[in-house]
There are 2 protein chains.
Amino acid sequence: MTDYRRLRVALLGAGAVGSQVASLLRKHGDELADRAGAHLELIGIAVRDPDAPRDADLPRELLTTAPEPLIVGADIVIELMGGIEPARTYLLQAINSGADVVTANKALLATHGPEIFEAADQVGAQVYYEAAAAGAIPIIRPLRDSLAGDRVQRIMGIVNGTTNYILDRMDSEGAEFADVLADAQRLGYAEADPTADVEGYDAAQKAAILASLAFHTSVPLEAVHREGITGIDKAMMDAARHAGYVIKLLAVCERLPGRGDRPESISVRVYPALVRRDHPLASVHGANNAVFVQAEAAGNLMFYGAGAGGVQTASAVLGDVVSAARRHLAGGVGVGESNRANLPILPIANVTTRYQITLEVDDQPGVLATVAGILSEGDVSIATVEQTVRSEPVPGNGSPASEPASDSVARLVIGTHKALEQNLSETVGRLAASGVVERVVSVLRVEGD
Amino acid sequence: MTDYRRLRVALLGAGAVGSQVASLLRKHGDELADRAGAHLELIGIAVRDPDAPRDADLPRELLTTAPEPLIVGADIVIELMGGIEPARTYLLQAINSGADVVTANKALLATHGPEIFEAADQVGAQVYYEAAAAGAIPIIRPLRDSLAGDRVQRIMGIVNGTTNYILDRMDSEGAEFADVLADAQRLGYAEADPTADVEGYDAAQKAAILASLAFHTSVPLEAVHREGITGIDKAMMDAARHAGYVIKLLAVCERLPGRGDRPESISVRVYPALVRRDHPLASVHGANNAVFVQAEAAGNLMFYGAGAGGVQTASAVLGDVVSAARRHLAGGVGVGESNRANLPILPIANVTTRYQITLEVDDQPGVLATVAGILSEGDVSIATVEQTVRSEPVPGNGSPASEPASDSVARLVIGTHKALEQNLSETVGRLAASGVVERVVSVLRVEGD
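Reading guide: rules and limits
- Residues numbered from 1 in each chain as written.
- Chains lettered and ligands numbered in written order.
- Predicted model: local features only at pLDDT ≥ 70, side-chain atom pairs only at ≥ 80, totals over all residues.
- Heavy atoms only, no water.
- UniProt positions renumbered as here; feature names shortened; annotations may be inferred.
- Pairing = 2+ DSSP bridges.
- Helix = DSSP H or I, 4+ residues; strand = E, 2+ residues; numbered from the N terminus.
- Domains from an automatic or database assignment.
- Buried area = accessible area lost by both parts, 1.4 Å probe.
- Salt bridge = Lys/Arg side-chain N within 4 Å of Asp/Glu carboxyl O.
- Contact = heavy atoms within 4.5 Å.
- Axes fitted to C-alpha atoms, helices over the stretch in contact; angles between N-to-C directions.
- Buried < 20%, exposed > 50% of the residue type's maximum accessible area, 1.4 Å probe, protein only.

If you look chain A up in an unreviewed UniProt entry, it shows as Homoserine dehydrogenase from Microbacterium immunditiarum. Within the UniProt record for chain A, the comment given under Cofactor (unreviewed entry) is "a metal cation". As recorded by UniProt, the Function (unreviewed entry) comment attached to chain A reads in full: "Catalyzes the conversion of L-aspartate-beta-semialdehyde (L-Asa) to L-homoserine (L-Hse), the third step in the biosynthesis of threonine and methionine from aspartate."

All names here are of chain A. Bridge count for strand S1 (residues 5-12) against strand S2 (residues 38-46) is eight bridges, and the pairing is parallel. Within the sheet, the bridge partner assigned to Arg-5 lies in S2 and is Ala-38. As paired elements, S1 and strand S4 (residues 76-79) share four bridges and run parallel to each other. The residue of S4 that forms the bridge with Ala-10 is Val-77.

Turning our eyes to something else, we now look at the domain arrangement of chain A. By a widespread convention, an interface's size corresponds to the accessible area lost as its parts come together. All names here are of chain A. Annotation of chain A at the domain level lists domain 1 (5-133 + 311-330), domain 2 (140-308) and domain 3 (351-447). Summarising the inter-unit geometry, the C-alpha centres of domain 2 and domain 3 are found 26 Å apart. Between domain 2 and domain 3, roughly 1,300 Å² of surface is buried when both sides are summed, and carbon and sulfur atoms account for 55% of that area. Interface area lost by domain 2 to domain 3 is led by Met-236, Tyr-271 and Leu-274, which between them contribute 35%. In this structure, the connection of domain 2 to domain 3 is made through three salt bridges. Across the pair Glu-447 and Arg-269 runs a salt bridge whose closest N-O atoms are separated by 3.1 Å.

To continue, consider the sheet that holds strand S3 (residues 63-64) of chain B. Residue and element names in this part refer to chain B. With parallel pairing, six strands are arranged side by side in an open sheet as S3-S2-S1-S4-S5-S6. The outermost strands of the open sheet, each flanked by one partner alone, are S3 and strand S6 (127-128). Pairing geometry for strand S4 (residues 76-79) and strand S5 (residues 100-103), over four bridges, is parallel. When the sheet's bridge partners are listed, Glu-79 is paired in S5 with Thr-103. Strands in contact with helix H4 (residues 87-96) are strand S1 (5-12), S4, S5 and S6; relative to S5, the strand with the most contacts, it is inclined by about 150 degrees.

We now examine the environment of A:Gln422. Its location among the elements puts A:Gln422 in helix H15 (residues 421-432). Taking the C-alpha atoms as reference points, A:Gln422 and A:Val102, 320 residues apart in sequence, are found 41 Å from one another.

Here we come to the pattern of salt bridges. Residues and elements named next belong to chain B. Counted by the stated rule, this structure contains 64 salt bridges over all chains. With its nearest N and O atoms 2.9 Å apart, the salt bridge here joins Arg-35 to Glu-31. On the criterion of helical spacing, the pair formed by Arg-35 and Glu-31 is a turn pair, its members being four residues apart in helix H2 (residues 29-36). Assessed through its relative accessible area of 22%, Glu-31 is described here as partly exposed. Across the pair Asp-183 and Arg-186 runs a salt bridge whose closest N-O atoms are separated by 2.8 Å. In this pair, Asp-183 and Arg-186 both sit in helix H9 (residues 177-187), three residues apart, roughly one turn of the helix. Judged by relative accessible area, which is 19%, Asp-183 ranks as buried. On the accessibility criterion, Arg-186 (63% relative accessible area) is exposed.

Here we take up unusual backbone geometry. Residue and element names in this part refer to chain A. Going from Glu-85 to Pro-86, the amide bond is cis rather than trans, its omega being 5 degrees. Take Pro-86: it is sitting in the loop between S4 and helix H4 (87-96). The residue Asp-379 is not glycine, and still its phi comes out positive at about 65 degrees. Mapped onto the elements, Asp-379 comes out in the loop between helix H14 (367-377) and strand S14 (382-389).

In structure tokens, the structure reads:
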């Protein structure tokens, strides 16, 4: 065994990811030492309850309920507690006591990122967070470093495994949201309280982190427009499939060129969107994640892999630990974040996308003309219209229905050209109140064409 | 404009990539300065002929035929000349005169990598080479840094755009190799002398670079087994399609577990292989590249994008330049390569893969038994056999032939279980000499199952 220098590593948190990190650090210790050029000595693991059951077998003597002594004695602090406090306090304490830090805490970075990066800058500490954006997929270094000489135009990411799992099963099995969610909870793909995933909060945190890196602009979580997938039902999935689309929860980070008085700006948003079936993101199945990046010079890039999971995420954390160790030995300070572009962030009302609007209307002459007139007045330009008389399966009869229903209701599926969100939502309001529209079935954005 | 420090950047070479690098450096100078935290001042461009036509409009006063004065005056030297000499001499000169270096020179790194990394280590210089392995796809940082805490088990890469373009068109159009190659040359996808691409030399250089990073082992180019695609014809493509495969030129880098007396080792090889159509690599079309990575903890990852092209590759080079500048400002020395694992590299004879063997045999009773016997003696285990009587289109008749040919020749397509290359090639030799085999139509490896 080579006589390497020792670097003291403190671990805060021993949940699904933390216990795997500790286990791999010990299992592959010699190999990691060869790569880092230093022995990575795990000096302790701060936990709330040393007697709680763990995913991996950790030596009892490393567990402690007192993080502070660990932090002040460490060269590298790994924060895997999650949540804002006390994670924030401990991370700042680690930075200020001279440690380099590794974290997978997306909630903390999306809300207190600037404070943490500023504190690290002050003392020259390094902050690594590869695991915070898309689990095991290496996306932080590509955005921060590999694409630092390019101009990222657009990111479309499937960055939440739970929602992709649910939507993928709804799509492939024709199942309802509630049934798949219940099954996902049973199988461990979704939490008992699924809000953070299905309402898009988790994806919004990751979108804030990705956009900050891609556009060299600090993007606060509040600036991310967020919609979840709880409103997506089987009928919408079926209609999307029929039209050659699949519904995916997307994190969209977009650079918008300056025009007239408006300066160059960015938009960051999370919502379920229609994606064409031949788009690379459409073939991301199960709980996998993928980040599709369009850059001015590099063109289209895609990064694909596992978006969650204890051992997968531990891979990203340990890559950061080895990087931190190498840099610790090589000297120099952390390079800090590059947020000097400071692009303005557009509110969702000012964003333009394509839409697909599905309406149930009275099956009367002149209705289409009325609808088209309202859209035109609202500055929403129609690209395609499909009109079908509504037909439903006859109860108790398993064969597909072929008879038109008797209540004279037609379904209009309207694809728009790019329209301003504000115009679109006002126009949909006017359609709903027009008297000819019985029901606005769905309004979905179309991305990636 | 912020009052940044000036970093002097010298560019060696102004071909397809170099001229784009120079052009983007000047076009986005202020933005790159904000990201790097320093003005990247292009102090000169060394070229062979200042009057040669260029892809981008470069100021005449920056062009020089004398690289040495540029090199000694630079903080960062970008080497885009290609080839071994004088690129090697200039790169070493840059390192020894205190510059950090960026290169896209795969030939140089695959043959003189250790010398260059050693020289950089001696003086603490940084060496960046993101553009050397898969064009614009960020793969160097993911392998070197993001996966540094994991154990890469296997890489399968489509790392040569020209051959993927040719094979993809052969597959989708049913065209012959020579015709597509000629067309590719006309369209600029292949060089006038296509040897480096179609014989797999370019892919082998990239495989050496990827394997060195993934396995923390210096892999010399000579240790990479290399086969090209010139032997692939329409009939092989059609047969592959019929069997649910597509033929791709793959760079395979594999970790082989120790067993008995044999230590853990690696294998690095480039050859055309059968890939199942539902594998993510099968949907990499045109001149695109993709690198599929399997790691112990992270699971399956894939990196996809443009593998070549001047402006795409320039993106990777400029990302390196910004990284080098940031690190230059932050201080500290280059972290160096991590080749301490020093795994032995197995020769191809000791590698096991699955094979598909296509034979033309006498259509006589007992022939299959003879063939099966020879395979069994050679320790090659049969997984599947398909026998078809050979049928060919009747000359002058455009309709598909349905009559069996009259010469009593049957075609056997044999899929094997994993077999040792040495056993396989000896067995194929014995089959050819057995008297019952008229012709060995093809022997292809199957990867990615």
